[in-house]
Structures are given as C-alpha cells and as structure tokens.
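The residues making up each chain are set out below.
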Amino acid sequence: MNTHHQVLIIGGGTAGIMVAAQMLKKDRTIDIGIVEPSDTHYYQPAWTLAGAGTFNYDKTVRSMASVIPQGVNWIKDFVSGVAPETNTVSTKTSGDITYDYLVVAPGIAYDLSLVPGLEEAWDKGVVCSNYTNSKHTWDVVKNFKGGTALFTQPTTPIKCGGAPQKALYMSEDYFQKSGVRNKTNVVFATNGGVIFGVEPIADTLMKVNAKKDINLRFGHQLVKVDGEKQIAWYAIGDNVSEVNHKDIEVSKEGDLVGIHFDMLHTAPPSIAPKFLQGSGLLNKEGWVDVNINSLQHNTYSNIFSLGDVAALPTAKTGAAVRKQAPIVMENIFHLMKKEEASNNSYNGYSSCPLVTGYGKMLLAEFDYQNNFTPDPKLKQLLIKDSSKEHWRLWILKKYMLPYLYWNKMMKGENV
Ligand SMILES: Cc1cc2nc3c(=O)[nH]c(=O)nc-3n(C[C@H](O)[C@H](O)[C@H](O)COP(=O)(O)OP(=O)(O)OC[C@H]3O[C@@H](n4cnc5c(N)ncnc54)[C@H](O)[C@@H]3O)c2cc1C
C-alpha cells in the first residue's frame, strides 16, 4: 500500500494529538494522517499520583480512538523509518506513506540496557518506577516496612525531570502516615549538582528536603543495579556533595559507590526511538534537530518536531507541548501559503508540578534561561506565589489539569 498525506504525524501522544486537533480546528479541509500503533492514550502526569495511591490509574487511560480527532486518518502501525530526502515514512506493515509536511512526535523510548542489571530488576520486587508501572510503585510504598528508601534517576534526559522527586516526596509523606518513617532513611541520589535548575523553586525544595529529613546525594551517576543484592551502583562526578548525611549501608567497588536499598524508585534511561537512528533527522546528542524557537527541522524545512523527542534544551513535559503545538501548527500553515515559517516564538516554556506531599504542591514554570515564569492566571486561583507549597496547586494538579487535558487540550483548544 502506498498512501500520501498533506500532513503526516508520527505519534498519537500528547504532541501528535494536540497538533492534529489544533490544525483541524483552524481548517477542516486539511488532510492529516497519524501513524500510531497503540490502542491506548495515557495521561502520564497523573501516574505520580497513582503511584502514591491518590489517583485511579484507570482514569489515566483512554482509548486512542477516542482522542484521534474526527477527520484524521489513523494508520494503526509502527513507523519503522523516515527518508526525508524523498518525503517518505515507512511502516511495519502498512507500507510507505509520503507527505508534504511531517510532524515527528513519537515521544521518548526507554533503554534499560544502558544501566546493566536494571532490565532484570525492573518493576520487580522492591524496584519500581512511576514511568512504567505506578500500580507497582504504590504496592511497594504501601508494603514498605522500613530501611533505606532510595530514589534516583539515570544520567540520560528523562521525561518530566521532576517526576523522580515527586515520587520521593509523596512516598516520604506516606511513610509518615504508615508509621514506618522513624525506621526509614529516605535518600535521593542524583547525577545533578543542585536540586532544581530554577532558583526560587530550588530554595523551596531545599527547605522541603530539610523538613522531611531527606539525605541528598548529588553527583551520583547511576551505572548499574544489582537487583538481587539490592544495591544501586554509582560513579561519582566532580559535582559530588551531600546534604543531611545519614549513615546508610554503602559498598565500594573500585571507584564505584554502591548504595544498599530496601526499596528503589527510578526513572528509566531514555533515548529517541530507534527508527530515527540513521534518518538524518537527529543531532549529535540523538534528538530531533530542530530550531529551538520555530521547531522547524534545521535541515529539512517541511519537517517539524515537538514533545519529548525534540532537541530542545528545556524539560520534556506535556506542559511544554501545550506551548509548542500552536507554533508547529502556525508554521505549517505559513509554509502551505508559501510563506516562511516565521513563528519563532517558543521560548522554552516548560512546567513541572512538584507535589511535595498529600495536599501540597509548588509549580515550577520556566523558560530556556531557567527564569521563573509563573502563569498570571494563577492569581485567579488566589495563588500569589507558586514557588511555595500550596493546597490550591494540589487541586489544580489532581482535578483541574486532568480535566483540561482530556476536554480542552485533546480537542485542540488553547488553554
Ligand atoms: C511519571 C511521569 C510523570 C509526568 N509528569 C508530568 C507532569 O506533571 N506535567 C507534564 O506536563 N508532563 C509530565 N510528564 C511528561 C509528559 O507525559 C510527556 O512530556 C508528554 O506525554 C510528551 O508528549 P509526546 O507526544 O512527545 O510523547 P507521548 O505522549 O509519550 O506520545 C508518544 C506517542 O508516540 C507513539 N509512538 C512511539 N513510537 C512510535 C512509532 N515507532 N511509530 C508511531 N508511533 C510511535 C507512542 O505510542 C505514543 O502514543 C510525565 C511523564 C511521566 C512518565
């Protein structure tokens, strides 16, 4: 089979659906195809809450058919390659599809093999991850009887860089409730040298960590995991430092430091999906090489990329996609009218709703320069300073954002 679409979108996730819905809202006659293999679409931001037993996981899942906008041709298949010189996308079973404009939005792929031992231990026993199985995280947290609760993350870029910390804070709060906190050392070991890149947010988080008596270990690069012996092994970077030392069990192996754990939560090592390798679309770091303001590909002007797979020096979040989708849409319309892709206005906006316990949250909103850029609309919610913990922000996260996602953003409305 050989098909052609005016606009072809790879991926029916947050980014792919938002772009398609927004384009059709503006012009119903546009011919759009989406290649997406999955039956289901996920609202991933709520997995943090599901992993803390405060959100029904099933409500994070909807059928893909229900979010694909009417009028879009859904090609239910895996993209297996892209040949930008001939405007062709190849698929696993549906043959080749040609396009006038291509939107590359297949999200991120996980590669557990980058941290030896992780694959064997993944989502088993006391090793858990909200990224892949928040139900298992909740089981592990609920059944935790004390010892060392280790929270960590890989050295690769990950989706929602704050999510490992959210699991840390929510679990610590649960340990208080379940009565095991006084026999638990809660440890956060990370490759970074600071808790968060945005100053007012980092200030609050350091206070939260102090209040929660969390042991912070910076400059810790996760290199392997021994699931059987329950040890996470780290290479130590130049930026190593420690805050609030706890005397936990630590082993040495050459230059490596092994932290023994009784539960481990981590994000998976992440890369761009393999089908993009060799396509000529990636930069040398392995992400889709687009102009960071217009989201247009730096070599192929009829290709755009957004979302987790795009090489944008900001946090990979759905909130970022919310600001990126209108730019991609408008620029494709410019090209259709034989104009330049002149919309260069994406400033790196991303946001990270940092839940710090049940009923508490602060909202990190920032740009490429890591300036704190709170949405003026927060004032309408009577939130004066979103860099501080607030229960109204928790209400936003738990109730308002999921509603807006399914009912507005997936429908192409600009919120
Ligand atoms: C635990 C967790 C917590 C998070 N918390 C937040 C938060 O609080 N706030 C926030 O804004 N964001 C959060 N995020 C991040 C957010 O979910 C992502 O940034 C967002 O979904 C990115 O959209 P995307 O379209 O790029 O990728 P996705 O939404 O992941 O969609 C990618 C789509 O591409 C499809 N695909 C993959 N490979 C192929 C292929 N070969 N061919 C065709 N299709 C393919 C997939 O099936 C998928 O449907 C969180 C994520 C996680 C995991």
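Not measured: the values here are computed from a predicted model.

Remarks on the overall build of the protein
In step 1: Within the protein, the secondary structure is distributed over 9 helices and 21 strands.
In step 2: Overall, the protein is about 65 × 50 × 40 Å in size when its C-alpha atoms are taken along their principal axes.
In step 3: Expressed as a percentage of its 415 residues, the buried residues of the protein come to 47%.
In step 4: Counting contacts in the protein only where the partners sit at least 6 residues apart, residues at least 24 apart contribute 66% of the total.

Here we look at the nonpolar core
In step 1: Core analysis: the biggest nonpolar cluster contains 119 residues, and Ile9, Val19, Ala20, Val103, Ala232, Val288 and Val328 have the highest contact counts within it.
In step 2: Looking at which domains feed residues into this core, each of domain 1 (2-108 + 272-346) and domain 2 (112-270) gives three or more.

Brief notes about the packing of helix α1 (residues 14-26) against helix α8 (residues 318-336)
In step 1: Interaxial distance between α1 and α8 falls to 9 Å at its minimum, and their mutual angle equals 45°. Classified by the angle between their axes, α1 and α8 sit oblique to one another. Classified by chirality, the crossing of α8 by α1 is right-handed. Here Thr14, Ala15, Met18, Val19, Gln22, Met23 and Lys26 of α1 come into contact with α8, specifically with Gly318, Val321, Ala325, Pro326, Val328, Met329 and Phe333.

Regarding the pairing of strand β15 (residues 250-253)
In step 1: Judged from the 4 bridges that link them, β15 and strand β16 (residues 256-260) form a sheet pairing that is antiparallel. Each bridged residue has a counterpart across the sheet, and for Lys252 the counterpart in β16 is Val257.
In step 2: The hairpin formed by β15 and β16 contains 2 residues between the paired strands, and Gly254 there has a positive phi angle of roughly 60°.

Section: the site of the ligand
In step 1: Near the ligand, the surroundings consist of 36 residues, among which Gly11, Gly13, Gln44, Gly107 and Gly307 are the closest.
In step 2: Elements with a minimum of two residues in the shell around the ligand: α1, α2 (47-50) and α8.
In step 3: The residue makeup of the shell around the ligand, split by class, is 19 nonpolar, 13 polar and 4 charged.
In step 4: Each of domain 1 (2-108 + 272-346) and domain 2 (112-270) accounts for three or more of the residues forming the shell around the ligand.

Quick word on α1
In step 1: Over its 13 residues, α1 extends 19 Å from the first C-alpha to the last, a length consistent with the 18 Å expected when each residue adds 1.5 Å.
In step 2: Listed in full, the buried residues belonging to α1 are Thr14, Ala15, Gly16, Ile17, Met18, Val19, Ala20, Ala21, Gln22, Met23 and Leu24.

Considering the sheet that holds strand β14 (residues 231-243)
In step 1: Taking strand neighbours across the sheet as the criterion, the 8 strands line up as β10-β17-β11-β12-β13-β14-β16-β15 in an open arrangement whose pairing is mixed. With one partner strand each, in any of the chains shown, β10 (127-128) and β15 form the two edges of the open sheet.

Overview of unusual backbone geometry
In step 1: Even without glycine at this site, Asn244 takes up a positive phi of about 60°.
In step 2: Inspection of the secondary structure assignment puts Asn244 in the loop between β14 and β15.
In step 3: On the basis of neighbour count, Asn244 is assigned to the partly exposed category, with 14 C-beta atoms found within 10 Å.
In step 4: If you check the backbone angles, Asn370 has positive phi at about 60° while not being a glycine.

Section: the domain arrangement of the protein
In step 1: When the domains of the protein are assigned, the result is domain 1 (2-108 + 272-346) and domain 2 (112-270).
In step 2: Distance between the C-alpha centres of domain 1 and domain 2: 32 Å.
In step 3: Taken together, the contact pairs 12 residues of domain 1 with 16 residues of domain 2.
In step 4: Taken together, the residues of the side of domain 1 that touches domain 2 sort by class into 6 nonpolar, 4 polar and 2 charged.

How each quantity is defined
Residues numbered from 1 in each chain as written. Predicted model: local features only at pLDDT ≥ 70, side-chain atom pairs only at ≥ 80, totals over all residues. Helix = DSSP H or I, 4+ residues; strand = E, 2+ residues; numbered from the N terminus. Buried ≥ 20, exposed ≤ 12 C-beta atoms within 10 Å, placed from the backbone. Contact = placed C-beta atoms within 7 Å. Core = buried A, V, L, I, M, F, W, Y, C linked by C-beta atoms within 7 Å. Domains from an automatic or database assignment. Axes fitted to C-alpha atoms, helices over the stretch in contact; angles between N-to-C directions. Parallel < 35°, antiparallel > 145°, perpendicular 65-115°, else oblique. Left-handed = near helix turned anticlockwise from the far one by under 90°. Pairing = 2+ DSSP bridges. Near = placed C-beta within 6 Å. Nonpolar A, V, L, I, M, F, W, Y, C, P; charged D, E, K, R; others polar. Expected span 1.5 Å × (residues − 1).

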